[in-house]
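As a plain string of letters, each chain reads:
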Amino acid sequence: MKLSKIFALSAVFACGLTLASCGEKPTEQPTQQPTNEETSAKVSVGLGYAGSYAWKEATAYAPALGQLDLSAAMVAFDEQGKILDARIDVVQVKVVPAENGGLALQNGREDFTVATKLELGTAYNMQGSSNIGLEVDEQIENFADWTVGKTVEELKTLVDPTLGHGTAHHPDLASTCTISCNDFVAAIEKAFELKTEAKYEAASFKTGIAMVAGLAFNYGNPQTDISVDLGGSIVADGKVVAAQV
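Everything quoted here is computed from the prediction, not taken from an experiment. Going along each chain's sequence as written, the residues are numbered from 1 onward. This being a predicted model, a pLDDT of at least 70 is required before a residue's local features are given, and a value of 80 or more before pairs of side-chain atoms are given or counted; all residues contribute to the totals for chains, interfaces and linings. Side-chain measures were taken over the full set of non-hydrogen atoms in the model, leaving aside hydrogen atoms and water.

J.: Let's hear about the pairing of strand β11 (residues 239-244): which residues, and what values?
T.: Note: two strands are recorded as paired if DSSP finds a minimum of 2 bridges between them. Under the scheme used here, helices are H or I runs from DSSP no shorter than 4 residues and strands are E runs no shorter than 2 residues, and both carry numbers assigned from the N terminus. As defined by bridge partners, strand β10 (residues 221-236) adjoins β11 across five bridges and the pair is classed as antiparallel. The partner of A236 across the bridge, within β11, is K239.

This is the structure:
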């Protein structure tokens, strides 16, 4: 069985990433203040993504399973290309054949959507098996904070692509993030590629990212497509000053 994949980039936020119409809670955290209140920075913003999809046919021991792993990053860059702030989120969508010939979510909600790893928080239940005792959302946020002050090229040099789960990609991350970070770097690189040409003056701001993932709908019926909508914004003084979808 083949699954057509949709990475749909559509508007899923309005003023501070409000997603009431989608039934999703936005993931927004304060920026690591890159400048003080007296000095503003010229900020370019980009929304990037990276991931993989695989379909495994049924065997005598397990049913057929499709899995999409998608990492997304909303990033603010200064004029030298250094990261001023980054917010990263990850969604993992698992699908199985449905009785009607379509697909069913193995890890979904009743509304055919899937919670992201930041949304899941402690419900992801990694803390007990983590060698550093941290939950997945904490590790994602720790990595995002660690990128501040670095360029994309520096990140690509610092992160060891041969390392996976359970091993820090850099000595600085030994006590804060030991999950796989390669897709995080790839998403940030894509964000830099897609960053806005326009630059925004900001001294203090918040960066937010939102993801709505699940099965695509057609006339109210779930079909055989996985859909992921992405949105990100920069908010300063209570106003959206930059956004990408």
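From this point, things continue past the structure.
J.: Talk me through the sheet that holds strand β4 (residues 65-77); I want residue IDs and the actual numbers.
T.: Taken together, the five strands give an open sheet; going across it, the order is β6-β5-β4-β3-β8, and neighbouring strands pair in antiparallel fashion. In this open sheet, the two strands that pair with only one neighbour each are β6 (103-105) and β8 (200-202). The mean angle between the axes of side-by-side strands here comes to 35°, regardless of whether they run parallel or antiparallel. Bridge analysis of strand β5 (residues 83-97) against β6 gives three bridges, and the strand direction is antiparallel. When the bridges of β6 are listed, V95 appears paired with L105. Seen against the sheet, helix α4 (residues 182-193) touches β3 (41-56), β4 and β5 and runs at an angle of roughly 50° to β4. Axis definition: a line fitted to C-alpha atoms, limited for helices to the stretch in contact. Angles are taken between N-to-C directions and run from 0 to 180 degrees. Whether two residues are in contact is decided by their heavy atoms: any pair within 4.5 Å suffices.

J.: With reference to specific residues and values, describe unusual backbone geometry.
T.: Residue F112 is not a glycine yet carries a positive backbone phi of 65°. Inspection of the secondary structure assignment puts F112 in the loop between β6 and β7 (113-114). Only protein chains enter the accessibility calculation, which uses a 1.4 Å probe. A residue is then buried if its area is under 20% of the maximum for its type, exposed if over 50%, and partly exposed in between. On the accessibility criterion, F112 (32% relative accessible area) is partly exposed.

J.: Kindly report on the nonpolar core, identifying the contributing residues and their values.
T.: Each nonpolar core is a collection of buried residues, namely Ala, Val, Leu, Ile, Met, Phe, Trp, Tyr and Cys, held together in the definition by side-chain atoms within 4.5 Å. Residues V43, V93, V95, F205 and V228 are the most contacted members of the largest nonpolar core, which totals 31 residues. For this core, the elements supplying multiple residues, two or more each, are β3, β4, β5, β6, β9 (206-218) and β10. At six residues, the largest contribution of residues to this core is made by β3. Counting 28 residues, the second-largest nonpolar core is a separate cluster that includes V90, V152, L155 and F184.

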